[in-house]
Amino acid sequence: MIESTQTDPRAIDRQRIEKEGYKVAKEGSNTSMLTQEDFFSLLTAELAHQDPTKPTENSEMISQMTAFSTTDGVSELNDQFTAFASSMSSNQALQASSLVGRSVLVDDNTFGMAEGDTVNGKIKTDDDASNVNIYVENTKGEIIQKVPVGNMAEGEASFTWNGLDSNGDPAPTGAYRFRVAGLVDGQASELQSMTYRKVDSVTLAGSGGNIVLNLNGGSSMALKDVVEVSEG
């Protein structure tokens, strides 16, 4: 008994294309994305070896070309965005380098200082406050100086600590913090304090190109966290 078999014309087309040296991506394989030249070579081979009795529909042809055009366009767009991101990181690093030697306002009440230095800062409150005082504390939590401020309206107020302790002597080199307390609506409250820190250097850190400012006293902060920039 002889059994008849039928061969799919598309399988024959694929065999002809492979014999003529065209690379056909196998379903589920991990081959690289086709280039524009590969695509048009494959398309030309498909047209040349299609079954005359079953030619490729125009809609199918347009669909293939549209799909490739979209994929190719997205790939080019990704390349352009990558180049743009790299350029932005370089520009940010260049701009950040101009901050070296200047002071930036940090939303932090801790700081390092050398003997003889003065420290500038800001107090921020969302409500009017009275009997406001700034307490300078060392790493042991000891109060080495008290700076009276008095009454303060809602908003921000600048202040300067001359670096002297309560005896009028220069505070030794080390780490300190400001603690600001006052009365808000008759209740004892702590107010937000920020300090100006000098920028010693700038680092372009990590694969994401994050800009890091290295501050005096040994600490660092991200460029995006800078509240304000002032002269040195």
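Presented here is a report on the structure given in the accompanying data block. Note that the coordinates shown come from a computational prediction; the quantities given were computed from them, not determined experimentally.

### A closer look at the packing of aromatic side chains
Tallying each qualifying case throughout the model produces six aromatic pairs. Ring geometry for Phe159 against Phe178: centres 5.0 Å apart, planes inclined by 90°, an arrangement best described as edge-to-face. Remark: Phe178 occurs in strand E7 (residues 174-184) and Phe159 occurs in strand E6 (residues 155-161); sequence separation between them is 19 residues. The exposure classification of Phe159 matches that of Phe178, with both residues buried. Ring geometry for Trp161 versus Tyr176: centroids 5.8 Å apart, planes at 65°, classification edge-to-face. Here Tyr176 lies in strand E7 and Trp161 lies in strand E6, a separation of 15 residues in the sequence. Residues Trp161 and Tyr176 agree in their burial class; the two are buried. An aromatic cluster is defined as three or more aromatic residues linked by ring pairs; in this entry it consists of Phe111, Phe159, Trp161, Tyr176 and Phe178. The cationic tip of Arg179 hangs over the ring face of Tyr135; the distance from NZ or CZ to the ring centre is 4.8 Å.

About the thresholds
- Residues numbered from 1 in each chain as written.
- Predicted model: local features only at pLDDT ≥ 70, side-chain atom pairs only at ≥ 80, totals over all residues.
- Heavy atoms only, no water.
- Phe/Tyr/Trp six-rings, centres within 6.5 Å; stacked < 30°, edge-to-face > 60°.
- Helix = DSSP H or I, 4+ residues; strand = E, 2+ residues; numbered from the N terminus.
- Buried < 20%, exposed > 50% of the residue type's maximum accessible area, 1.4 Å probe, protein only.
- Lys NZ or Arg CZ within 6 Å of the ring centre and 35° of its normal.

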